[in-house]
Amino acid sequence: MNNILSINNITKIYHTPKEEIMAIDNISINVNDGDFIAIVGPSGCGKSTLLSILNGQETATSGEVDYHHKTIGYMLQEDALFDWLTVLDNCLLGLKIKKQLTDDNKNYVTYLLNKYGLKDFINSYPRNLSGGMRQRVG
Ligand SMILES: Nc1ncnc2c1ncn2[C@@H]1O[C@H](COP(=O)(O)OP(=O)(O)O)[C@@H](O)[C@H]1O
Ligand SMILES: [Mg+2]
């Protein structure tokens, strides 16, 4: 099995003026290529905290994440598409801001839109897409 993500002994303690909150207590997960993993648990058990750590928005108190030289994407339940931009322009915006809008990158975006079944919608606006299509654009 090809290991693509290793979460090793992650612990997260939030410090607030009032208290310390143990959000994650020593969790380890190995993700292999092709795995489909669901993290299930009651509200407040630390699911979002774990995703925020994987995404780099939060730092773990201890433990480490090994990304095996891969980048990671994070699609929230609610997308953040701009209603006034077409599908293509939504997808190119990040590259534009980072001044990386090369022909190669533009072709790759088009290739991905094809791959995700959005070929006929690249000039459509988000309001004309289904929820699943919006998520794929996101
Ligand atoms: N920024 C924060 N500061 C302090 N406590 C937090 C913060 N974010 C989450 N928590 C606390 O950490 C625990 C786990 O929260 P969270 O990861 O949002 O759980 P879940 O996504 O499983 O509902 C909860 O007790 C929550 O109140
Ligand atoms: Mg949550």
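Quick caveat, the model's predicted, so the values are computed rather than measured.

With respect to the element layout, I13 can be found in strand β1 (residues 3-15). Taking the C-alpha atoms as reference points, I13 and D25, 12 residues apart in sequence, are found 8.4 Å from one another. Contacts of I13, omitting those with residues within four sequence positions, involve E20, I21, M22, A23 and T61.

Our focus in this paragraph is the domain arrangement of the chain. We note that the domain assignment places domain 1 (3-66) and domain 2 (87-137) within the chain. The straight-line distance from the C-alpha centre of domain 1 to that of domain 2 is 30 Å.

What follows concerns helix α3 (residues 103-115). The end-to-end C-alpha separation of α3 is 18 Å, in line with the 18 Å expected for 13 residues at 1.5 Å each. For α3, the buried fraction is low: 0 of the 13 residues fall into the buried class. Taken from the residues just after α3, G117 is the one with a positive phi, measuring 75 degrees.

The rules behind the values
Residues numbered from 1 in each chain as written. Chains lettered and ligands numbered in written order. Predicted model: local features only at pLDDT ≥ 70, side-chain atom pairs only at ≥ 80, totals over all residues. Helix = DSSP H or I, 4+ residues; strand = E, 2+ residues; numbered from the N terminus. Contact = placed C-beta atoms within 7 Å. Domains from an automatic or database assignment. Expected span 1.5 Å × (residues − 1). Buried ≥ 20, exposed ≤ 12 C-beta atoms within 10 Å, placed from the backbone.

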